[in-house]
Amino acid sequence: MPEPGVIEKFERRMIVLGCPGRKIKRAVHELDGHYSDLKAAALGQGLSDSAADDRAAALLGEPIGLAEKAAAGLRHSSWWGRHRVVGFCILGPLGFGLAWLLCVFLFGFIFWVIEFAAGRSAEAWVPATMAHLSQVPALLPLLQTLINASVIGFFAAFLCWLARRSAAGTKWAVLACAGCAVHGWFFHFILTAHLLMITYRWQPNWVCLLTPLLVAGGFLFTQGQRERRRTGALPFALLFLGLLSGCAAPREQPASRRGWIGGDYKLACRENFWNAVSPSPAVASGLPRELGSKLKSAIVFTGLRTNTPASRAGLQQKDYILEVNHQPVIRLRDFRRTIDQCKPGTTVTIRAYRDGKELDLPVLIGEETFRKGGTFSIVFPSVVHRWDLCLNPGVSFVIAGYEANPGLRHEMRNSREVFDEDWKAFAGIFELTKGKRVIAQKLAGSD
Amino acid sequence: VKKSNPSFLNGVPELLVLKLLSSREMYGYEIVQAIRFETKNSLSFGEGCIYPYLHHLEKEKLVNSRRKDVQGRSRYYYKITSLGRKRLGDLFAEWRRVADSIQLVMGGQYA
């Protein structure tokens, strides 16, 4: 029997240093065999059993030092072990982006398999299925929480596994989890009846923030179990926080309100050189001849739903708006700002042009509810921006640019949220957007 | 390597281990004893330190290992690979060059 303590000390030190179990087992096996051989040789020289044990222990070397040498060897043989700061503090948490990309591919693969097996296009059945699922109370929020937690939890656990595999040590696993938690603050996997989106927002996602802490707590607890020591309160506190996060509803930005008359509209202006060279999506082609002779530009309704303040006031699609409250409107942004600033419930007078006649129509301003927000996204290279070399006020060189909303508005259709973009800056596959999520539009006086 | 470890002995443990393993597969204890025996105790490894070293060589694919049961004992036997033989050739040539150079200085006019 080897001297009690030498091999045990070696094994315990390797565990404390965070070495992987398989490597510890092998190192212990080899060292144990070596010890037995040394002892057998000492016994062969006529030494007593205890003297042979002492001799073997002395020849084998100090166990703590041997364990540290073995752990250093393991660390050195792995990239993650050699580059712990870069790996666990920077690359690891950032690589989370890679994990969600894998998830997207996984979704794509599942859709592909279903398409292949059932012969149905995903575009046809996914929205229908999502709409069907959204009928079940709390199912989609629960699924969203589960997906958020499992993706980031899996990634944090993967980093913990890497920390153990490379014998980097417990503290690096915990640091990597903390990095993931900070990253998770901005990360949002959004799943609603009409939307499946992965994006970064400047608002906390409690699930993604606290799930890595749960993983860190679990890791510290299992490490304590391996070391056969009391783990203290920290792992349990982290576990509790993580579990709590499962119940925490994502905190929304407070909602704001502004005036709303409805309709999609564009600026109609005379044909000019710049419009021909670099057509803007905010500009419709041409003004009627009668208007063109006295006006430079007007606003034209390109779409108008029936249940909107503008429609109720008698405005129609293809009407031209010339004045609001007796002030001429020649720019889309000014028109939009005027409507935004109107108090819901008040009335504005809109002078419209239709079939050669000018009409003064009182419009009862409705209410639009929105939340401010921004996103940072990684877009696929297939999303190509158009040329727009005019400062109107954005500018775009296809692969990089800045696009500001020239005043375009979108109506909500079928109660779907719309993102009212204020501006967007992009370079390559990275895109930063700031705007407002319109969550409700309602007529004045209705609840 | 114990007793003396000047910088020109860098690579010597690798050379010795690869040389020993080039003739036959051996386990850790055997390697340590063979070095001690062959060098007549003038060079010897710290006994427990051989294993991290062997694991490093294995990671570098210079040797490979397999678990074998011999006389009721289970041991990991190490065997040189073709990459290890190439490395051994390089190390041996380098060692020859250093040793010959030292010999020239020792036997030269300034000795």
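Small disclaimer: the values here were computed from a predicted structure and weren't measured.

So, how was this worked out
Residues numbered from 1 in each chain as written. Chains lettered and ligands numbered in written order. Predicted model: local features only at pLDDT ≥ 70, side-chain atom pairs only at ≥ 80, totals over all residues. Heavy atoms only, no water. Contact = heavy atoms within 4.5 Å. Buried area = accessible area lost by both parts, 1.4 Å probe. Salt bridge = Lys/Arg side-chain N within 4 Å of Asp/Glu carboxyl O. Phe/Tyr/Trp six-rings, centres within 6.5 Å; stacked < 30°, edge-to-face > 60°. Helix = DSSP H or I, 4+ residues; strand = E, 2+ residues; numbered from the N terminus. Buried < 20%, exposed > 50% of the residue type's maximum accessible area, 1.4 Å probe, protein only. Lys NZ or Arg CZ within 6 Å of the ring centre and 35° of its normal. pLDDT = per-residue confidence, 0-100.

1. Things to note about the interface of chain A and chain B
Taken together, the contact pairs 16 residues of chain A with 22 residues of chain B. Of the roughly 1600 Å² buried between chain A and chain B on both sides combined, carbon and sulfur atoms contribute 57%. Broken down residue by residue, the surface that chain A buries against chain B is led by A:R26, A:E30 and A:H34, which jointly contribute 36%. In this assembly, chain A and chain B are joined by three salt bridges.

2. A short note on the packing of aromatic side chains
Applying the stated criterion across every chain yields a total of nine aromatic pairs over all chains. Between A:Y265 and A:F301, the aromatic rings sit 5.9 Å apart at their centres with planes inclined by 85 degrees, giving edge-to-face as the arrangement. Here the residue A:Y265 occupies a position in strand 4 (residues 264-269), and A:F301 occupies one in strand 6 (residues 297-303), the gap between them amounting to 36 residues. An identical accessibility class is assigned to A:Y265 and A:F301; each is buried. The residue whose ring lies beneath A:R258 is A:F370, and the NZ or CZ to ring-centre distance is 4.7 Å. One residue, B:K68, lies across the ring of B:Y77, its end atom 4.6 Å from the ring centre.

3. Overview of unusual backbone geometry
Residues and elements named next belong to chain A. Of note, the phi angle at H326 is positive, near 65 degrees, even though the residue is not glycine. Position of H326 among the secondary structure elements: in the loop between strand 7 (320-324) and strand 8 (327-328). Overall, the relative accessible area of 54% leaves H326 in the exposed class. Of note, the phi angle at D355 is positive, near 50 degrees, even though the residue is not glycine. Take D355: it is sitting in the loop between strand 9 (347-354) and strand 10 (357-364).

4. With respect to the confidence of the model for chain B
Segments scoring low in pLDDT should not have their predicted coordinates read at a detailed level. All names here are of chain B. Looking at chain B, the pLDDT average stands at 83 and 86% of residues meet or exceed 70. Between residues 1-8, whose pLDDT stays under 50, and residues either more than four places distant or in other chains, the model counts 10 contacts. Under the prediction, the complex receives an ipTM of 0.82, its pTM being 0.61.

5. Quick word on the environment of A:A56
Examined against the element boundaries, A:A56 turns out to sit in helix 3 (residues 49-60). Excluding its chain neighbours within four sequence positions, the residues that come into contact with A:A56 are A:Y35, A:L38 and A:K39.

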